[in-house]
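Structural characterization, general
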There are 2 protein chains.
Amino acid sequence: MKSIRITNRCPIRTTLELVGGKWKLLILFQLMEKPLRLSELKKQIPDISEKMLIQELKTLVESGLAIRRNFGEVPPRVEYSLTDTGRAVLPLIEEMRHFALFYEEKMVKKG
Amino acid sequence: MKSIRITNRCPIRTTLELVGGKWKLLILFQLMEKPLRLSELKKQIPDISEKMLIQELKTLVESGLAIRRNFGEVPPRVEYSLTDTGRAVLPLIEEMRHFALFYEEKMVKKG
DNA sequence: CAGGATCCTTTACGATACTG
DNA sequence: CAGTATCGTAAAGGATCCTG
């Protein structure tokens, strides 16, 4: 545990850069089950703006967490899926859920 | 797993609100080992501004993750420690480290 | 349908000076 | 030493219009 040092490039910061922010984890989670088109993602995450969705998808692709597949059809059809590395964030998401539940239970008890 | 729905208050969002951002996880991690004074925290996280450190500590206290203890001495002595709930983020941090290492290994192989 | 371009607001973050 | 107050910048996020 003490092997984490807070330097310019520590594991916490690396992960924050990859999946930090308001949307990336939500997007990755949606793609866990199966590949989705842009319009499908929009429905699953209703309150994201189109701009942010496209922008975040682009960075996820660039950092190697997601894959963009263009079917080259008309009308356009594009599908987003996860790489192995993208799938590797699932345990992190599960841990976040676990923490959230723990937190809420604690806080309900204490008021 | 599919019990996570992307609504206004899903576990991912709850956790992001509690420990999201650039600094909170780094601060919490520093406090895992033992309570620290403000000046000690500043040394451990050299590139955080004083303003952010105090501000983030305040929100961590308000959300029940950290505790502020004022010794009432002169010169001032204040110590920050973790609540049980604050300690509960350790698995999350460990998972982040695990992911970062996995990511870096993958990316080194692929170039 | 997917997404580029533009403009705008809001929030996060930071530097510095000051106080008991 | 532990903060507060103020000011400024940078980044994140969002609304809208436009295009192949």
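Residues numbered from 1 in each chain as written. Chains lettered and ligands numbered in written order. Predicted model: local features only at pLDDT ≥ 70, side-chain atom pairs only at ≥ 80, totals over all residues. Heavy atoms only, no water.

A look at the interface of chain A and chain B
Counting residues at the interface gives 49 residues for chain A and 49 residues for chain B. At the boundary of chain A with chain B, the tally comes to four salt bridges. Across the pair K106(A) and D84(B) runs a salt bridge, and its minimum N-O distance is 3.6 Å. Run the count over chain A and chain B and you get six residue pairs in polar contact (both at pLDDT 80 or more). Those elements that provide at least two residues to the side of chain A that touches chain B are α1 (11–19), α2 (24–33), α5 (84–87) and α6 (90–110) of chain A. Residue contributions to the side of chain A that touches chain B peak at 15 residues, all from α6(A). Of the residues that constitute the side of chain A that touches chain B, the class distribution is 28 nonpolar, ten polar and eleven charged. (Contact = heavy atoms within 4.5 Å. Salt bridge = Lys/Arg side-chain N within 4 Å of Asp/Glu carboxyl O. Polar contact = N/O pair within 3.5 Å; in protein donor to acceptor, adjacent residues only side chain to side chain. Helix = DSSP H or I, 4+ residues; strand = E, 2+ residues; numbered from the N terminus. Nonpolar A, V, L, I, M, F, W, Y, C, P; charged D, E, K, R; others polar.)

Topic: the protein's contact with DNA strand D
Of all residues adjacent to DNA strand D, which total 17 residues, the nearest are K22(A), K51(A), S39(B), R68(B) and Y80(B). Close to the protein, within 4 Å, the atoms of DNA strand D are drawn from sugar and phosphate at a rate of 57%. A distance of 2.3 Å separates a phosphate oxygen of DNA strand D from a polar side-chain atom of R68(B). One of the backbone nitrogen or oxygen atoms of V78(B) is found 3.5 Å away from a phosphate oxygen of DNA strand D. Sorting the residues of the surface near DNA strand D by element identifies α4 (50–62) of chain A together with α3 (38–44), α4 (50–62) and β3 (78–82) of chain B as the ones contributing at least two each. Examining the composition of the surface near DNA strand D, we find that four residues originate from one element, α4(B), more than from any other. (Near = heavy atom within 4 Å.)

Here we look at the relation of the copies chain A and chain B
Relative to chain B, chain A is turned by 180° and slid 0.0 Å along the rotation axis, the superposed coordinates differing by an RMSD of 0.0 Å. Taken together, the turn and the small shift mark the pair as related by a two-fold rotation axis. Counting the interface residues of chain A, we find that 100% of their copies in chain B are interface residues as well, pointing to one common contact surface. (Least-squares fit on C-alpha atoms with pLDDT ≥ 70 in both.)

By themselves, these are just geometric observations and shouldn't be taken as functional.
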